[in-house]
Structures are given as structure tokens and as C-alpha cells.
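# Chain and residue survey
Letter by letter, the chains look like this.
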Amino acid sequence: MKRGMSVFLIIFIILIMLFLGSSLSGKISFDIPLLHFFEDNKLLGESSFSNENIFLGTFISEFQDYATFYFLDTDEGLYELIFTETPSSLAPGNFLEVSGVLEGEVIFVSSYSVISAARVDIPPNPTIGEQRVALVLIKFLDNLNEPISLDDADSLGDEVDQFYQRASYGKTSMNIDVFGYYTINGLSANCNYRNWRLNIVYGYGISPLPSQDIPDWTKYDRLVIAFPLNEDCSFSGVARTAPESFLVPHGSSPITHYMTVSWLNGASPRGLDVGTFSHELGHNQGLLHASDLECGQETVGEGCYSVEYGDFYDVMGRPSSGYLVDAPDFNVIHKEKLGWLDQSDILEITSDSNGFYDLGAIEVTDPLYPEGIKFLAPTRGNDYYIEYRLPIGADANADPRFFDGVILRLDYNDGDSDTHLLDTSPHSNEIIDQVADSDFSLLRLEEDYIDSDEEFSVQLISLDPMHARIRVWDPVLCGNNIVDAGEGCDDGNTLIGDGCSSFCDREPIIFKEDDKKNKDRNGN
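Residues numbered from 1 in each chain as written. Predicted model: local features only at pLDDT ≥ 70, side-chain atom pairs only at ≥ 80, totals over all residues. Heavy atoms only, no water.

It is worth spelling out the overall build of the chain at this point. Helix and strand content of the chain: seven helices and 28 strands. Here the chain holds 524 residues, and 50% of them are scored as buried. Across the chain, every contact between residues at least 6 apart in sequence was considered, and the portion connecting residues at least 24 apart equals 63%. When the accessible surface of the chain is summed, it comes to about 24700 Å², and 53% of that surface belongs to carbon and sulfur atoms. (Helix = DSSP H or I, 4+ residues; strand = E, 2+ residues; numbered from the N terminus. Buried < 20%, exposed > 50% of the residue type's maximum accessible area, 1.4 Å probe, protein only. Contact = heavy atoms within 4.5 Å. Areas by Shrake-Rupley, 256 points an atom, 1.4 Å probe, with all protein chains shown as cover.)

What follows is the structure, encoded as C-alpha cells:
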């Protein structure tokens, strides 16, 4: 009876409060629109834009395994951004004006605009030359494991440096200093990894860390934090794509210093290895994931979707078990984005560029051949790139089967990935899993790919240890009874078996049975 009375009393009080609230305001109004915010298809909450503010800062993406988070680095601090849709038009480091509602350390974004490609008052994010990296090893009161020795950490840093020097043709090096082990005076549970960077940089809640052991952060471009295996952290590595500001000690007064940050989940299947370390440093330099484009039975068509990490040829994807290389080389698009290849290294062609072209291997620079061919595709809006690989350099131990052709990609950015591998023979091995099917994505000898919308066709003519020869032609011109550039013949049709193929190449004549009989009778 008492319980029933207490429940009744609570309900009565709530009704009185609602009545008073409506009396004071005149009415309970829902005229202000409530907007729902989503990230990774999860409803995060509701917020009203009636009290929105304007924020200025640098746009930063943070990549976990199959999850992307967004931040705005402002003069007042770092805030997480919640968008109503994926901001695929934004690039790491963009200087933004954001309108939205601030709740705690989260901004619910109503609109945004790009003021400039980057803030002019901060140093650029380096991709060329020596990059100074601080690899900090930490452990916790509830997890004192040390997943890697200091000597092995030094060796790992040397391997990552060698990987980058090879991949960049000597244009980029990673000078990696190792610090630690430091103990965070707290628990590793719940994986509050974002707080750990503050413990380290500002030297609080961490031991042993006397003042003389605090690194001079102004010497470093990148901070990499490695910690013992933590099953609460659902990732092998996490990285941010643009530098973050820190107020660090320097002489008699602190100064603002900018560093990128990444985290490595040690002793996990892909935690402390060259591939994951190099992958996260790739994000730190502004790269997104290397993915695969799934279009059903077509290479490119309607209803396509991105298979994140699906490009196993690139360290920014996820290595294939069959490829046998944990840290494959970067693809031609990523090398161009990082400034390792320029216009003299990548041949640009259009639908008018019919002819034969030689392509050098991506792993080495060769003055005779370009390292990539870029087909400008204005109708599609995403350019094609063609590259050729050899089992050398970073790809030295890979299965040779993955090198008997050339690779096609689209320069397509969906917010999570900025390059997409194309499967020129989709579902050819009857494997439903697209990632596995893409093990056989190469364009091989005598095979061709045609994009009629762009009037672009490419065929692999020959391969040798030095280069690949491809033929590019406009499929619309074939069959016009004129031998155009890149055509071996043109008989006015696109029939096969008549001595001039549907691609306007010379081919053997195929006689029908009646033709053979007539030929035998006439002796011809």
C-alpha cells in the first residue's frame, strides 16, 4: 500500500510540474526542429540548433578498424564533430568554419564551410624529407606487460624507416626515437586511449617520469603510443590524419606545438609490426584507406559500394593471406598524394590519347617509363590510374601470381577511403567474398576493360621484367571504317572472326562450316 502511494505521488508531482511548466510558458512548444545525429549507423542523440555557435579550427579524422571519428582542433581545445552525413568532401587539415551546438566536448554540426586548405599559421604536415617520430611505450597499473623490448622497438623503428625510404624512392625517412616504458597511474580498462596522449605529453598521472625524462616534444612531428594488448580496444591501431596542437614546455614558457598522434595495440595479431606501424603513419600523413569497389558482375557500374581495406596491394588496405606480404608498397595514387611521384612520373591521357604506352614498375623509378598512367575521366568525375608491380622492394616476398597483369584503380574518396581497387574480372573465381575475389583483380594479357561512358578502353599487350605495354583506345571509334590511332584495323563493324576483332585488332578469320565446304569445292 505504501509502495502504491509512493508511485502515485511521483506521478502526481510530475503532472503538477508539467502543468506549471506549460502555464509559465503559455504552451509546451516543439516548433524548434530536433535533429538526430548518426555515426556508424548508431543514433547518438538529439540536439536543437536554437543555441548554435560558430567554431574555427583544423579538421582531423581518426581512423579505427572500420570506424571513423572526426575532430575540430580549435584554439580553445579539441572537439569531436558529429555530422548528419559523412563529410567526404573534407580533406585532412582543412581549416573550417563550423556551425553547431556544443555539448561537453562534442559539437553537433548543422553546417560547415572550408575557409582554406590548411591553416596558414601552423606548420604544414610533412610528407617529404626527414620526419621525427617519438615512439612511446606505456603500461598500466592493471597491465604491466611489456609487449616489445626496447631493443626490438628500436629494430622495428629501423624497419619502418627502411620501408618508407624504399616506398618514397628515398624522398621520405622516419627518424624514430623510443621512450619508455612509462606506467600510466590508472587502469587500462575501457580503453580510454585518447586520454593517454595527454598523460604522456603533459607528464601527469604517469611514472616514473622525472622532469629530465620528458622528451622535448618540439623536436617531433609525430607521436606514436604503443601499449600492451588490451581487449577493450577493438583495434590494432588508431591514427589521426592531421597534426593536433599541444601546449608543451619550452624554455621559460610553454609554446603551441603540432604533432600527429597514433596508437598501436601491442601483441595483437597486427599490433606491433611494420605493416600496422606504417599504415598508421600513412594516416598521419593524410592518407585514408585503400579499398575495393564492389559492383556485382561489373567492374564499375550502378549500385557500387566500398569494401573498406579491400585493396590488399596497398599498406593502407589490409594484406591478403595469399599475398604473403604484411607491408605492401603504397599504390600510385597514394604516392602521388604524398608527393613522391609528380607529373613527370605519371603519364596523363584522355579519350583522345589512343595508342600504345609503356609502364614501369611502381617499386622503382625509371627515367624511361612512367610509374603510373592516369586517365582523366570528366564524365565519371573520378580518374582511372593504371600501375604495374614486380615482386621486388616492399613486395619482394609476395606470391608471383599477383604480378601477371596491371592494376586499375579509381581516385574515389568516400570519406573513409581515398582509393578504390577495380576488379576487372568480377566474381571470376566464384568466390562470394569480394575481398577474396579481388585476389584475382588484375587485368591480364590480352584482356581488356571498356568504359563506354568515358570512351576509354585499355588492353594489356605484353609484360616483361622491365615494363608492361598497354593499349588505350576509344571503343566508340572502332567500327567507323577508319583506322584510327591505336587500331590495327577497322573494317566498319565490330564483329568477331572476320579478321578484324571487335576491338579493331588483327585476328584469325573463323570460317563457318558452309564457308569451309565452299572453299573446298572451289579449291580456295
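Text resumes after the structure shown.
Let us look at the packing of aromatic side chains. Inspection of the entire model under this criterion finds 23 aromatic pairs. Measuring from ring centre to ring centre gives 6.1 Å for Tyr 164 and Trp 340, while their planes differ by 85°; the resulting arrangement is edge-to-face. Here Trp 340 lies in the loop between α5 (332–337) and β17 (346–349) and Tyr 164 lies in helix α2 (residues 150–167), a separation of 176 residues in the sequence. Exposure class is identical for Tyr 164 and Trp 340. Each is buried. An aromatic cluster is defined as three or more aromatic residues linked by ring pairs; in this entry it consists of Phe 140, Tyr 193, Trp 196, Phe 227, Phe 235 and Trp 263. The aromatic ring of Phe 71 is capped on one face by Arg 240, whose charged end is 4.4 Å from the ring centroid. (Phe/Tyr/Trp six-rings, centres within 6.5 Å; stacked < 30°, edge-to-face > 60°. Lys NZ or Arg CZ within 6 Å of the ring centre and 35° of its normal.)

This part is about the environment of Leu 293. Looking at the secondary structure, you find Leu 293 in strand β15 (residues 289–294). The buried category is assigned to Leu 293, whose relative accessible area is 6%. C-alpha of Leu 293 to C-alpha of Asp 423: the two residues are 130 residues apart in sequence and 7.5 Å apart in space.

Pairing within the open sheet is antiparallel, and its four strands lie in the order β18-β26-β25-β24. Every other strand in the sheet has two partners, leaving β18 (355–360) and β24 (448–451) as the edge strands with one partner each. Across the sheet, the mean angle separating the axes of adjacent strands is 25° when strand polarity is ignored. Where β18 lies against strand β26 (residues 467–473), six bridges are found, and the strand directions are antiparallel. Following the sheet pairing, Gly 355 is matched in β26 by Val 472. (Pairing = 2+ DSSP bridges. Axes fitted to C-alpha atoms, helices over the stretch in contact; angles between N-to-C directions.)

A separate point is helix α3 (residues 193–202). Regarding α3, the residues found buried are Tyr 193, Trp 196, Arg 197, Asn 199, Ile 200 and Val 201. Positive phi appears at Gly 203, one or two residues downstream of α3, with a value of about 70°.

In this model, Gly 180 is joined to Tyr 181 through a cis peptide bond whose omega is 0°. Its place among the elements puts Tyr 181 in strand β9 (residues 172–184). The backbone of Asn 190 sits at a positive phi, close to 75°, despite the residue not being glycine. With respect to the secondary-structure elements, Asn 190 resides in the loop between β9 and α3.

This part takes up the packing of α2 against helix α4 (residues 274–284). Following both chains from N to C, one finds α2 and α4 inclined at 60°, their axes separated by 10 Å at the closest point. Classified by the angle their axes make, α2 and α4 are oblique. Here the hand of the crossing between α2 and α4 comes out right-handed. Only Val 274, Phe 277, Ser 278, Leu 281 and Gly 282 of α4 make contact with α2, whose side of the interface consists of Leu 156, Glu 159, Val 160, Phe 163 and Tyr 164. Residue classes in the contact of α2 with α4 are distributed as seven nonpolar, two polar and one charged. (Parallel < 35°, antiparallel > 145°, perpendicular 65-115°, else oblique. Left-handed = near helix turned anticlockwise from the far one by under 90°. Nonpolar A, V, L, I, M, F, W, Y, C, P; charged D, E, K, R; others polar.)

This part takes up a negative patch on the surface. A grouping of Asp 151, Asp 152, Asp 154, Asp 158 and Glu 159 is seen on the molecular surface, where their side chains present a negatively charged patch. Within the secondary structure layout, Asp 154 lies in helix α2. According to the relative accessible area criterion, Asp 154 is partly exposed, its value standing at 38%. (Patch = residues over 30% accessible without salt bridge, like charges linked within 9 Å, V, L, I, M, F, W, Y side chains within 5 Å. Salt bridge = Lys/Arg side-chain N within 4 Å of Asp/Glu carboxyl O. Lys, Arg positive; Asp, Glu negative; His and termini not counted. Charge placed at Lys NZ, Arg CZ, Asp CG, Glu CD.)

Moving on, we get to the state of the cysteines. Cysteine pairs can be covalently joined through their sulfur atoms, and such a bond is termed a disulfide. Summed over the entire model, instances satisfying the criterion amount to three disulfides. Between the sulfur of Cys 295 and that of Cys 304 lies a disulfide, 2.0 Å long from S to S. Its S-S torsion of about 115° marks the bond between Cys 295 and Cys 304 as right-handed, since a negative value means left-handed. One disulfide bridge connects Cys 489 with Cys 500, the sulfur atoms lying 2.1 Å from each other. With the S-S bond torsion at 100°, the cross-link from Cys 489 to Cys 500 turns out right-handed. Taken together, the residues span a long stretch of sequence, with Cys 489 in the loop between β26 and β27 (498–500) and Cys 500 in strand β27 at a distance of 11 residues. The pair formed by Cys 489 and Cys 500 is uniform in burial state, with each residue classed as buried. (Disulfide = S-S within 2.5 Å.)

As a further point, take the confidence of the model for the chain. For the chain, the mean per-residue pLDDT works out to 81, and 81% of the residues sit at or above 70. In the predicted structure, residues 1–50 sits below a pLDDT of 50 and forms 51 contacts with residues beyond four places in sequence or in another chain. Contacts for the low-pLDDT stretch residues 516–524, under 50 throughout, to residues beyond four places or in other chains number three contacts. (pLDDT = per-residue confidence, 0-100.)

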